[in-house]
Amino acid sequence: MATHVPAPAPATAEGRPPKIVVERLSKTFGGRGGRTGPVQALHDVNLTVPDGQFCCIVGPSGCGKTTLLRILAGLESHSAGRLELLHADQRRPLSSMVFQEQSIFPWMTVRDNVAYGPRMRGVPDRESREQVDYYIDKVGLTQFRKAYPHQLSGGMKQRVSVARAFANAPEVLLMDEPFAALDEQNKSLLQEELLRIWEESRNTVLFITHSIDEALFLGDRVLVMTARPGTLKADMLVPFTRPRRAYELKAAPGYGDMSFAVWSQLRDEVMTARAAESVAR
Amino acid sequence: MSRASVDVGSGTAAPAPAQARGTTAPPAAGVTRVRLGADPEDGRKPLLSRQARERIVTALAPLVLLLAWELLVQARLLDRRFFPAPSSIAGTFVQLAQTTLPGHIGISLSRAAVGFILGAIPAVLLGVVMGLVPIVRAALQPIVGALFAIPKVAILPLIMLIFGLGEQSKWAIIAIAVFFQVLISTAAGVANIDRIYLDVGRNYGAGRLATLWTIALPGALPVIFAGIRLGWGVSLLLLVTAEMVAAKSGLGFLIWQSWQTFIIEDMYVGLLTIATLGMISFWLLDALEAWLIPWRTSR
């Protein structure tokens, strides 16, 4: 099941057109004028994500997962290689990101936060209102429309963040460990909510996590990233049918094998990352 | 610790907490009960809640002080030339309130307000630019830092030389003081906005103007407001100073004139008025802040 990544990724076999194409992408931080020497964050990343796929990337901490996502979001430049996101519908934004840390604006109400994307694209309020309210309702925050973030719990804030991304109706959703800071129960709830919402819109998703369970529950496909400098090591399709329920999935036949297959790819990388960390200290 | 593993001492109290706290109880047989915290009810109920008592004391303390002052003056234990009795100050206040005091208050407030607005608005605009554009910040930071360090009273003679003895010199000195205070806090507030919010703005396609309006300004507003508060305090200070040095009206003038003519009651009325105006203006600033920054976490 675990195959090393050759150039044409197996997922294109699904026959859908590619949405994200990354070829030999590398990223080096610092170097010129920096106090420390240059640090290579990404090395030769090759990745093709077909349209509409929910693609999860797991990797040890510090492996450059976030950097990859930030490059795709246009928040960071790359040092070498090529990347392409295919923008099919010019009326929709290309990509929206859900950040790992608390990223909703404290000075805006829940509603204004969720409406931020359409507002920045110049969509009149009356046109976006329905969509905005729809996603606020989908994440269960209708009662809190007019609340400010400081009145919300951590889980509710991340719900706002997810609603904000969906309300922007992007072609590609980039999610950077959005649930990492949440407790286990909140995490499960939000994962299920995310799947329910996504199953309606079926945007292309690139989802970063360090949790194998999360990747297997959410994804159509799981990619394993190596320790720094990060590159893709293994590429597996997740065979479980949708809709999925978190605790049912864990009892499904094949789940343990799948989970073990990912872990056996990941384990060495986690060890390498830890060793590198202790050397750095 | 799970329940199943503790069934040794079943029937009595759970031994786990006592052992965890390191009490020297014998392990299994004799179980010590450890009582933690106070009793939920101690029986007696106070006549008034703590808040009510505190509020009464807060209201009474100044009255007691005034009464003591009055009595000390009446008993000739305090020199009434320096500390006239509160009752005679009150009498003077009522008298002045019907004649010249409203005029002094009006002119002083208008000077403070005009100077404040002239200083604060450009300061917020320039501060936002300094906060957002590193090259502008690099150019202006040292200059602003050096000028801010000059005590503003020290440049009052220069200001009077440039703007003359009329209203302009008062506006100018207040505006300058407020300008630097607000500029520094605005620049710092904008520069210290969490990067994540600027990333969100970029990711969601916010242009320069939108970034300024939806992220930089609201994000820095709490810090800007702290600067405004300090700036207002400074402008009251400079107002009185400027009016003492060169004015024929205003509360500073009233205080200075009463010193020159040795009418001490008038001086106390001036002090009382300026203190009251100061207090009221800070209450108004509080209200303005609550209205402008409804997302603030603590009041």
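This is a predicted model, so every value here is computed, not measured. Within any chain, residue numbers begin from 1 and follow the written order of that chain's sequence. Throughout, the order in which chains and ligands are written sets their labels, letters from A for the former and numbers from 1 for the latter. At least 70 in pLDDT is required for a residue's local features to be given in this predicted model, at least 80 for side-chain atom pairs to be given and counted, and no such filter applies to totals for whole chains, interfaces and linings, which use all residues.

Here we look at the overall build of chain A
As a reminder, the rule being used: Helix numbers and strand numbers start at the N terminus; a helix is a DSSP run of H or I with at least 4 residues, a strand a run of E with at least 2. What the globule rule says is 2.2 Å times the number of residues to the power 0.38, and the radius of gyration is computed from C-alpha atoms. Any residue surrounded by 20 or more other C-beta atoms within 10 Å of its C-beta is treated as buried, while 12 or fewer makes it exposed and the intermediate range makes it partly exposed; C-beta atoms here are placed from the backbone. Throughout, a residue-residue contact means that the two C-beta atoms, derived from backbone geometry, are no farther apart than 7 Å.
Within chain A, the regular secondary structure consists of 9 helices and 10 strands. In terms of overall size, chain A behaves like a compact globule, its C-alpha atoms giving a radius of gyration of 19 Å where 281 residues would be expected to give roughly 19 Å. Each principal axis of the C-alpha distribution contributes one length, and for chain A these read about 55 × 50 × 40 Å. Buried positions account for 44% of the 281 residues belonging to chain A. By sequence separation, contacts in chain A at least 24 residues apart represent 75% of the contacts at least 6 residues apart.

Remarks on helix H5 (residues 134-149) of chain B
Here is the rule we go by: The span one expects for a helix is its residue count, reduced by one, times 1.5 Å.
With 16 residues, H5 of chain B should reach 22 Å at 1.5 Å per residue; the first-to-last C-alpha distance of 22 Å fits that figure. Judged by how many residues are buried, H5 of chain B sits mostly at the surface: 0 of 16 residues are covered.

Some points on the interface of chain A and chain B
This is how it is decided: Three classes are used: nonpolar for Ala, Val, Leu, Ile, Met, Phe, Trp, Tyr, Cys and Pro, charged for Asp, Glu, Lys and Arg, and polar for all others, with Gly counted as polar.
Each side of the interface is counted separately: chain A has 18 residues, and chain B has 15 residues. Listing elements by their share of the side of chain A that touches chain B, those giving two or more residues are strand S6 (95-98) and helix H3 (116-120) of chain A. It is H3 of chain A that contributes the most residues to the side of chain A that touches chain B, 3 residues altogether. By residue class, the composition of the side of chain A that touches chain B is 11 nonpolar, 5 polar and 2 charged.

Let's talk about the domain arrangement of chain A
How big an interface is tends to be stated in terms of accessible area lost as the parts join. Residue and element names in this part refer to chain A. Put simply, the test is: Residue ranges assigned to each domain were obtained from an automatic or database domain assignment.
When cut into domains, chain A gives domain 1 (3-88 + 171-280) and domain 2 (105-170). Domain 1 and domain 2 are separated by 26 Å when their C-alpha centres are compared. Taken together, the contact pairs 14 residues of domain 1 with 11 residues of domain 2. Those elements that place two or more of their residues in the side of domain 1 that touches domain 2 are strand S7 (172-176) and helix H6 (184-201). For the side of domain 1 that touches domain 2, the leading source of residues is H6, giving 6 residues.

Side note on the domain arrangement of chain B
Under the domain assignment used here, chain B contains domain 1 (1-33), domain 2 (51-83) and domain 3 (95-292). A C-alpha centroid distance of 34 Å is found between domain 2 of chain B and domain 3 of chain B.

Description of the environment of Glu214 of chain A
With respect to the helices and strands, the residue Glu214 of chain A is situated in helix H7 (residues 212-218). Once residues within four sequence positions are removed from consideration, Glu214 of chain A is found in contact with Gln191 and Thr209 of chain A.

Considerations on the packing of helix H3 (residues 86-97) of chain B against helix H11 (residues 264-292) of chain B
Residue and element names in this part refer to chain B. Note the threshold: To get an axis, a line is fitted to the C-alpha atoms, and for a helix only the part in contact is used. The angle between two axes follows their N-to-C directions and goes from 0 to 180 degrees. Convention used here: angles under 35 degrees read as roughly parallel, angles over 145 as roughly antiparallel, angles from 65 to 115 as roughly perpendicular, and any remaining angle as oblique.
H11 packs onto H3 with a crossing angle of 75° between their chain directions and a minimal axis gap of 9 Å. In terms of axis orientation, H3 runs roughly perpendicular to H11. For the pair H3 and H11, contact is made by Ser88, Ile89, Thr92, Phe93 and Leu96 and by Glu265, Asp266, Tyr268, Val269 and Leu272, respectively. Here the contact of H3 with H11 is built from residues that sort into 6 nonpolar, 2 polar and 2 charged.

Looking at the nonpolar core
The following threshold applies: As used throughout, a nonpolar core is a set of buried Ala, Val, Leu, Ile, Met, Phe, Trp, Tyr and Cys residues joined through C-beta atoms within 7 Å of each other.
One finds Val58, Leu206 and Val222 of chain A together with Ile174 of chain B to be the most contacted residues of the largest nonpolar core, which totals 123 residues. Sort the elements by how many residues they give to this core and helix H7 (residues 167-191) of chain B lands first, with 15 residues. When near neighbours in sequence (up to four residues on either side) are disregarded, Ile174 of chain B contacts Arg111, Ala112, Gly115, Phe116, Gly119, Ser235, Leu238 and Leu239 of chain B.

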